[in-house]
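# Architecture and fold: a report
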Amino acid sequence: MSVDAGALHVRTVTELARGIRDGEFSARELTEALLERIAANNERLNAFITITGEQALEAADAADRARARSDAPPLNGVPIVHKDLFCTRGVLTTCGSRILGNFVSPYDATVVERLQAAGAVMLGKTNMDEFAMGSSTENSAFGPVANPWDSKCSPGGSSGGTAAAVAARLVPAGTGTDTGGSIRQPAALTGTVGLKPTYGRVSRHGMVAFASSLDQAGVITRSAEDAAALLGAIAGFDERDSTSVDHPVPDYVAGLGRRLKDLKIGIVRQHFDEGLDPQCAARVRDALEVLRQQGAALIDVDLPNLALSVPTYYVVAPAECSSNMSRFDGVRFGHRAENPENLLDLYCRSRGEGFGAEVKRRIMTGTYVLSAGYYDAYYLKAQKVRQLIGQDFNNAFRDVDVIAGPTAPTPAFALGEKTDDPITMYLNDIYTIGANLAGLPGISVPCGFADALPVGLQLVGPHFAEERILNIAHQYQLLTDWHKTCPEGFE
Amino acid sequence: MSDWEAVIGLEIHTQLATVSKIFSGAPTAYGAEPNAQASLIDLGYPGVLPVLNFEAVRMACKFGLAVKATIAPRSIFARKNYFYPDLPKGYQISQYELPIVSQGELIILDSEGREKRIGITRAHLEEDAGKSVHAGLAEYTGIDLNRAGTPLLEIVSDPDLRSAKEAVAYMRKVHTLVRYLEISDGNMQEGSFRCDANVSIRPRGQQALGTRTELKNLNSFRFVEKAINFEIERQSEVLEVGGTVIQETRLYDADLDETRVMRSKEEANDYRYFPDPDLLPVVIDEAFIREVGDGLPELPDAKRQRFVSQYQLKPADADTLTVSRGVADYFETVAADSAARLAANWIIGDLSAALNREGLDIGASRIPPGALAGLLQRIDDNTISGKMAKEVFEAMWSGEGSADDIIEARGLRQITDTAAIESVVEAVIRANPNQVAAYQGGKEKLLGYFVGQVMKETRGKANPAEVNRILKKQLHS
């Protein structure tokens, strides 16, 4: 069997699965080709924390053996990567943190388990903002990730490692997590597709918690069709996560053929107010025009409390974070300070040495807002506003099928540009946070370029409307080539 | 010296008798190798999530219904945040604002034997922490997380208790109840039933409450009584010299029989409670409450009252016999086939003594209830005397067989045949003319001598009442 290994890396999940199934190339050939690409390019991107070459080849061989059987799973032999927040048995799972720098998970996350069962081959664990706290992948104990479109720029975050790897064609797809935009924003900034499902659609078991009521696992791919295929593999009820929802999982790929005629698309005027880069605004308007020409109606909708979403998020998320981070105490696993004098010293130094600045900032903020005397004014009030934001979306979805707009206010920004200004950094998630607070599914799709940097179109749907937003994204991609554009140097 | 009144409230932690833990599938059995019964969830590993064991909810509902409380249609688990090495997640999952059980009550008997209502503020579900282990470790503290995640029901009383004795009476009542409901084994040695006490004092007649202290580590009824009494005494000494009681947590030291400061109010943790986002609200509907209610056993108070009316027992005896379902069931089985009062006396007397002697639970009694009834029937029908019965009881305890077998084998059958006794009496009178003359001359104390002679002749088997009656009749004739 002879294939042009140089051509495999640009193929999508769907194409690769077909190629293996049809015997065009083997899973081993594919895996070797991509491992070589990773080895050649990771140094300049720093997208990976761990590369699991040996295990990948074993899994690829198993996939090749399975191919001979009639019951080969749907993603048999397809290479993927996991954000280093997903627990992987026997493999380092660092969450981008020094405090878990030595942590080898004794079990697999549900997402990992299900993708493995679907035949996917894990190539490695990707870099990320520490514990998913950040929007630039600069808050990693393992160094920042470079954006393949411009190595001086950030790929966004926190799932920046997966986004960069997928954009650079090192791997066709990978997992991410999205607490305030951590899948959609890096997808927008790297010209990839990022899907955040409905809260509860995908199990959180084995996904190390940042803010439990907001965290949701999802995928980063190059096409909506691939995102549909992967979501089908990871979605569904899991008895190990009480917040996962027992709701039927449709065949998302089969749902991709619907025309956009009579589709009602909601446009939120505030999304296009000041703060949005004019070029990004123009690209998003172009994209909406493409959808309109397909028969979709563009309808203005109002989300009156949307402006409160960032401050609300920065009360709720740090509050949950401060509690979730407490288990990292140097007692049972992870980093432990040397020669502690006493228990307090053990705690203070293990955590002081183990956590980075952003995590500490959020632990302190969260501890403050939950404190006696402040709880009502901050946490309780934020929960009430959160309810209002959810109601705003519910009201809007009475009139429209989906809400469309920009994913991020600007294209990729320079590494180091916002690191000293957390508030500006937080505002990067201004368009994405609402979907997390309301638990809604959202997707970012590449819709053009601003000064040669990718721009993303975001689609947000009602609860469990993944099929709908995937279909719209897919229909858009049938008419556009933005997602097929490869960053220079990674062709 | 002022006349002080104590105001006491108890927080009882009772371990629920579920097979597995409240948020993981690990077993709850006591006494395993350290950390052998801790799953990744109990260890607080990254990424794992709690999943509620609904059996704990059912047990909490049983308790709630038994104390006539309100069962919340929707209750919430909250995180109580603090750092401690035996608390793996850095927070304990508990219930705070919306507990599953609220507004209940129990009736106790106060020092004058009058019924007194003790309010139950709330009872909430929570997970237990692990244990720190110091023994045998020189420079380190060991952590055993077997107990981490064990379900607890924390039962909080209103401050309705006015003395250490009342506190103990209330605690015993709760202890009896949780075992009746079979929601806890109540084993205090293993820590399945433990208690903290909030104690304050005030001048009798004053409405306002004094400053309270919280006493920790009260793991026996005796310690509860001693610790509270010590604390009442300590507080009154402080106040009588013009001092003020400081709000603080105090630890009871059983060896020294004193309480001492553990932490002051200033050092108290701010637990930063908030709803646990990993768990959904616990929703309980009417049908479930009805189902649990229908499955409740007869409760101790109802049973005690029934014993008094149905079996004509003294209230104190009925109280003793309803201390556990095991004892009550044993009694009722015996009483079904023998005289109830006699059954009560024997169970409270000889049987309890024998069980205590060997540290056995009534369920493990060497004499099953049916066999005891067999013995009591022989007393009742005068086959044997009470004194003989004690001998038979001991033989039965040693496994020599049924009462009838032992009576037969040892020839213990009592002589109740009047004619047989009369002939022995006649022979004794004939053989002792001098004593007969003395008796008839007024030395009536000699009757005992004659009884002794008759018993000697019959080798103790003659019915004593009958011997007395016949002797008197013949000596006076």
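Residues numbered from 1 in each chain as written. Chains lettered and ligands numbered in written order. Predicted model: local features only at pLDDT ≥ 70, side-chain atom pairs only at ≥ 80, totals over all residues.

Quick look at the overall build of chain A now. What chain A contains, in helices and strands, is 16 helices and eleven strands. Its C-alpha atoms give chain A a radius of gyration of 21 Å, within 12% of the compact-globule value 23 Å for 491 residues. The principal-axis extents of the C-alpha atoms in chain A amount to approximately 65 × 55 × 45 Å. When burial is assessed residue by residue, chain A has 61% of its 491 residues classed as buried. The contacts of chain A with a sequence gap of at least 6 include a subset with a gap of at least 24, amounting to 77%. (Helix = DSSP H or I, 4+ residues; strand = E, 2+ residues; numbered from the N terminus. Rg over C-alpha atoms; globule rule 2.2 N^0.38 Å. Buried ≥ 20, exposed ≤ 12 C-beta atoms within 10 Å, placed from the backbone. Contact = placed C-beta atoms within 7 Å.)

Before going further, it helps to spend a moment on the overall build of chain B. Scanning chain B from terminus to terminus reveals 15 helices and 16 strands. Against the globule reference of 23 Å for 477 residues, chain B gives a C-alpha radius of gyration of 30 Å, more extended than a compact globule. Referenced to the eigenvectors of the C-alpha coordinate spread, the extents of chain B come out at roughly 95 × 55 × 55 Å.

Here the focus is the environment of Leu 376 of chain B. Residues and elements named next belong to chain B. As for its placement among the helices and strands, Leu 376 is situated in helix 9 (residues 369-380). The exposure class of Leu 376 is buried, given the 23 C-beta atoms found within 10 Å. Ignoring sequence-local partners within four residues, the contact set of Leu 376 consists of Val 334, Ser 338, Ala 339, Leu 342, Ala 343 and Trp 346.

This part is about the pairing of strand 12 (residues 213-218) of chain B. Residue and element names in this part refer to chain B. Here strand 11 (residues 193-203) pairs with strand 12 via four bridges, running antiparallel. Bridge pairing links Val 199 to Thr 213 in strand 12. Note that strand 12 and strand 13 (residues 248-253) share three bridges and pair parallel. Bridge pairing in strand 13 links Leu 215 to Arg 250. For the segment spanning strand 12, helix 3 (residues 221-240) and strand 13, crossover handedness is left-handed. (Pairing = 2+ DSSP bridges. Right-handed = clockwise from strand over helix to strand, strands pointing away.)

What follows deals with the interface of chain A and chain B. Facing 33 residues of chain A, the contacting portion of chain B comprises 24 residues. Counting residues per element, the ones that place at least two in the side of chain A that touches chain B are helix 10 (309-324), helix 11 (343-354) and helix 12 (357-370) of chain A. Here the side of chain A that touches chain B takes three residues from helix 10 of chain A, the largest share from any one element. Of the residues in the side of chain A that touches chain B, the class split is 15 nonpolar, ten polar and eight charged. (Nonpolar A, V, L, I, M, F, W, Y, C, P; charged D, E, K, R; others polar.)

A word on the sheet that holds strand 15 (residues 274-275) of chain B. The strand order across the open sheet formed by three strands is 5-4-15 (chain B), and the pairing between neighbours is antiparallel. A strand with exactly one partner marks an edge of an open sheet, and here the two such strands are strand 5 (91-94) and strand 15 of chain B.

Turning next to the packing of helix 3 (residues 27-45) of chain A against helix 4 (residues 53-67) of chain A. Residues and elements named next belong to chain A. Taken N-terminus to C-terminus, the directions of helix 3 and helix 4 make an angle of 155 degrees; their axes are 8 Å apart at the nearest point. By the angle between their directions, the pair helix 3 and helix 4 is classed as roughly antiparallel. Between helix 3 and helix 4 lies a crossing whose hand is right-handed. Across the interface between the two elements, Ala 27, Arg 28, Thr 31 and Leu 35 from helix 3 touch Gly 53, Ala 56, Leu 57, Ala 60, Asp 61, Ala 63 and Asp 64 from helix 4. For the contact of helix 3 with helix 4, the per-class residue count stands at six nonpolar, two polar and three charged. (Axes fitted to C-alpha atoms, helices over the stretch in contact; angles between N-to-C directions. Parallel < 35°, antiparallel > 145°, perpendicular 65-115°, else oblique. Left-handed = near helix turned anticlockwise from the far one by under 90°.)

Residues and elements named next belong to chain A. Here Arg 258 lies in the loop between helix 8 (224-234) and strand 7 (264-268). We classify Arg 258 as partly exposed; it has 13 C-beta atoms within 10 Å. Sequence-wise, Arg 258 and Ile 472 are 214 residues apart; in three dimensions their C-alpha atoms are separated by 8.2 Å.

In this section: the nonpolar core. Membership of the largest hydrophobic core comes to 221 residues, with the highest contact counts inside it found for Val 121 of chain A together with Ala 60, Phe 63, Ala 167 and Ala 197 of chain B. Of all the elements, helix 2 (residues 164-180) of chain B adds the most residues to this core, at nine residues. Judged by nonpolar contacts, the second largest core, of 32 residues, contains Ala 318, Leu 321, Ile 384 and Ala 389 of chain B. (Core = buried A, V, L, I, M, F, W, Y, C linked by C-beta atoms within 7 Å.)

Attention now moves to unusual backbone geometry. Residue and element names in this part refer to chain A. For the peptide bond that leads from Gly 157 to Ser 158, omega is 10 degrees, which places it in the cis range. By secondary structure assignment, the location of Ser 158 is in the loop between strand 3 (121-126) and helix 6 (160-167). Residues other than glycine seldom take positive phi values, yet Ala 132 does so here, at roughly 70 degrees. Positive phi, normally seen in glycine, also occurs at Thr 137, with a value near 60 degrees. By secondary structure assignment, the location of Thr 137 is in the loop between strand 3 and helix 6. Take Thr 137: there are 35 C-beta atoms within 10 Å of it, and that puts it in the buried class.

Attention now goes to the environment of Val 283 of chain B. The residue Val 283 of chain B is located in strand 16 (residues 282-283) in this model. Sequence-distant contacts of Val 283 of chain B, that is, excluding residues within four places in its chain, are made with Pro 73 and Arg 74 of chain B.

Right, let's get into helix 12 (residues 418-431) of chain B. Note: α-helices contain 3.6 residues per turn, so residues at a spacing of three or four share the same orientation. Residues and elements named next belong to chain B. Spanning 14 residues, helix 12 covers 20 Å between terminal C-alpha atoms, matching the ideal 20 Å at 1.5 Å per step. By the burial criterion, the buried members of helix 12 are Ile 421, Val 424, Val 425 and Val 428. Along the long axis of helix 12, the arc covered by the buried residues comes to 100 degrees, so they all point the same way. Away from the buried face of helix 12 by more than 90 degrees, exposed residues Ala 419, Ser 423, Glu 426 and Arg 430 are located. Where helix 12 is buried, its residues touch helix 14 (447-457) and helix 15 (464-476). (Expected span 1.5 Å × (residues − 1). Arc of directions from axis to C-beta.)

Next up on the list: the confidence of the model for chain B. Averaged over all residues, the pLDDT of chain B is 92; the fraction at 70 or higher stands at 99%. As a predicted assembly, this complex carries a pTM of 0.91 together with an ipTM value of 0.96. (pLDDT = per-residue confidence, 0-100.)

Our next topic: the sheet that holds strand 12 of chain B. Residue and element names in this part refer to chain B. Here we have nine strands laid out as an open sheet, ordered 2-6-7-10-1-11-12-13-14, and mixed in their pairing. Here the strands that pair on one side only, and so sit at the sheet edges, are strand 2 (70-71) and strand 14 (258-264). Lying on the sheet, helix 2 is in contact with strand 1 (4-15), strand 6 (101-109), strand 7 (115-127), strand 10 (151-157) and strand 11; it crosses strand 6 at an angle near 115 degrees.

Take the pairing of strand 3 of chain A next. All names here are of chain A. Strand 3 sits mainly inside the fold: six of its six residues count as buried. Bridging between strand 1 (residues 48-51) and strand 3 involves three bridges; their strand directions are antiparallel. Each residue of the ladder has a partner; that of Ile 51, found in strand 3, is Gly 124. Taken together, the five bridges between strand 2 (residues 79-83) and strand 3 define a ladder with parallel strand orientation. Within the sheet, the bridge partner assigned to Ile 80 lies in strand 3 and is Met 122.

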